Structure formats: C-alpha cells, structure tokens
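# Fold and geometry: a report
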Amino acid sequence: MAPHVIVSAIVSGLATALVVVLAVRYDEPRTARNFAVAGAAVLALVATLAVTSNTLVRPCLDDPARDCEYNDGVPSMALLVGVYVIACCVRAWFVYSER
C-alpha cells in the first residue's frame, strides 16, 4: 500500500476517533455513526484515487541520476482528508461546547 494512503488513514482515523469519543460521551450516537460512515467514505475515495491516479517516473530535479515518482492524485487526496479533518474538528468543537 502506498505511504500516502497509510498517512491518510491514520490522520482521518484520529479525526474520526475524536468525534466519535466526544459524540458518544456528550451527544447522541447518530453523530458518531454519521462521521464514522463519512470517514469510511473518505478512505474509500482516497483508495480509489490511489489506484486510478497516474504515477510518473522522471529524473529528480536535485539529482538527475536518480528517478523520482510523481503521483498526480496526491493533492486531491490531501484535499479530501484535510476537508474531512477540518469538518471533524469543527463538529467536535460544537459537541464539546454544547455539552
């Protein structure tokens, strides 16, 4: 599995855990379920982008003797995970402030 998919899973998993813990403790379980489903959907989209994206192998800019791989799907993966993490943090803030 590609490193960017593993990092995406760790980051979105931690954000989901934050919302789930706070929602179970201070809010209704529906919030926890909704964000868990959304987290799984984000990971499915990231995995789909990882499989379908193009990986270019070109000489590195700093050392032309080496080959570097450039994946064109990584920025969109980072955007998806970033938006999800921000949504989780905002929801966790509201759940905790309305306890």
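Our structure is the block above this text.
Residues numbered from 1 in each chain as written. Predicted model: local features only at pLDDT ≥ 70, side-chain atom pairs only at ≥ 80, totals over all residues. Heavy atoms only, no water.

### A word on the overall build of the chain
Heads up, the rule is: Put simply, DSSP marks the helices as runs of H or I at least four residues long and the strands as runs of E at least two long, and each gets a number from the N terminus on. Radius of gyration: over C-alpha atoms. The globule rule applied is 2.2 Å multiplied by the number of residues raised to the 0.38 power. Think of it in three bands: with a 1.4 Å probe and only protein chains considered, a residue is buried below 20% of the maximum accessible area for its type, exposed above 50%, and partly exposed in between. Any two residues whose heavy atoms approach within 4.5 Å at even a single point are treated as in contact. Surface accessibility follows the Shrake-Rupley procedure with a 1.4 Å probe radius. Residue values consider only the protein chains on display as shielding. By the counting rule applied here, Lys and Arg register as positive and Asp and Glu as negative, while His and the ends of each chain are not counted. Charge placement uses NZ in Lys and CZ in Arg. For Asp and Glu, CG and CD serve respectively.
Across its full length, the chain carries 3 helices and 2 strands. Starting at the N terminus and ending at the C terminus, the chain contains elements arranged as α-α-β-β-α. For the chain, whose C-alpha radius of gyration is 17 Å, the value lies well above the compact-globule estimate of 13 Å for 99 residues. In terms of overall dimensions, the chain has a C-alpha envelope of 60 × 25 × 15 Å along the principal axes. Within the span of the chain, comprising 99 residues, buried residues form 25% of the whole. Long-range pairs, those at least 24 residues apart, make up 59% of the contacts in the chain with a sequence separation of at least 6. Split by element, the accessible area of the chain, about 6,600 Å² in all, is 68% carbon and sulfur. Between the averaged position of the 7 positive side-chain charges in the chain and that of its 8 negative side-chain charges there is a distance of 14 Å.

### Some details on a nonpolar patch on the surface
For clarity, the cut-off: In this scheme, patches are assembled from residues that exceed 30% relative accessible area and form no salt bridge. Like charges are connected within 9 Å, while nonpolar side chains (Val, Leu, Ile, Met, Phe, Trp, Tyr) are connected within 5 Å. Salt bridge criterion: a side-chain nitrogen from Lys or Arg within 4 Å of a carboxyl oxygen from Asp or Glu.
Together, Ile-86, Val-90, Trp-93 and Phe-94 line one region of the surface with nonpolar side chains, adding up to about 450 Å² of accessible area. Structurally, Ile-86 can be placed in helix α3 (residues 74-97). The exposure class assigned to Ile-86 is exposed, which follows from its relative accessible area of 56%.

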